[in-house]
Amino acid sequence: MTTPRPREHLMFAYELHLTAHAELVREAAVQRLGREAARAAKAARRAGRHETEGRVSAGRDRYARAA
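Conventions used here
Residues numbered from 1 in each chain as written. Predicted model: local features only at pLDDT ≥ 70, side-chain atom pairs only at ≥ 80, totals over all residues. Heavy atoms only, no water. Helix = DSSP H or I, 4+ residues; strand = E, 2+ residues; numbered from the N terminus. Buried < 20%, exposed > 50% of the residue type's maximum accessible area, 1.4 Å probe, protein only. Salt bridge = Lys/Arg side-chain N within 4 Å of Asp/Glu carboxyl O. Patch = residues over 30% accessible without salt bridge, like charges linked within 9 Å, V, L, I, M, F, W, Y side chains within 5 Å. Areas by Shrake-Rupley, 256 points an atom, 1.4 Å probe, with all protein chains shown as cover. Lys, Arg positive; Asp, Glu negative; His and termini not counted. Charge placed at Lys NZ, Arg CZ, Asp CG, Glu CD.

**Q** How would you summarise the overall build of the chain if you had to cite specific residues and measurements?
**A** Counting its secondary structure elements, the chain contains one helix and zero strands. The burial tally for the chain puts 0% of its 67 residues in the buried class.

Written out as structure tokens, the structure is:
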């Protein structure tokens, strides 16, 4: 078995660094997409409040209270 030369060791470390960097970039993209989706859903809910058609009652006020 031959021992790795210093240059080969550096290349392996560099490849590990590139792999870790790529994984962090992917995770950041997933988190960014999640935040954008949450923001879009919130904006859609907010925009839905002013539409002419939609929910009539909130559900709680639907029935009169019993004694």
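**Q** Tell me about the pattern of salt bridges, and name the residues and values.
**A** Scanning all chains against the criterion turns up one salt bridge. Notably, a salt bridge pairs E23 with R26, separated by 2.9 Å at the nearest N-O pair. Of this pair, E23 and R26 are both found in helix α1 (residues 6-48), three residues apart, which corresponds to roughly one turn of the helix. For R26, a relative accessible area of 47% puts it in the partly exposed group.

**Q** Lay out a positive patch on the surface in plain terms, naming residues and giving numbers.
**A** Taken together, the side chains of K42, R45, R46 and R49 define a basic patch exposed on the protein surface. Within the fold, R46 resides in helix α1.

**Q** Please give an account of a nonpolar patch on the surface that cites residues and values.
**A** Nonpolar side chains collect at one region of the surface, where M11, Y14 and L18 lie side by side and expose about 280 Å² of accessible area between them. Summarising the element assignment, Y14 is placed in helix α1. Taking the relative accessible area as the measure of exposure, Y14 reaches 44% and is therefore partly exposed.

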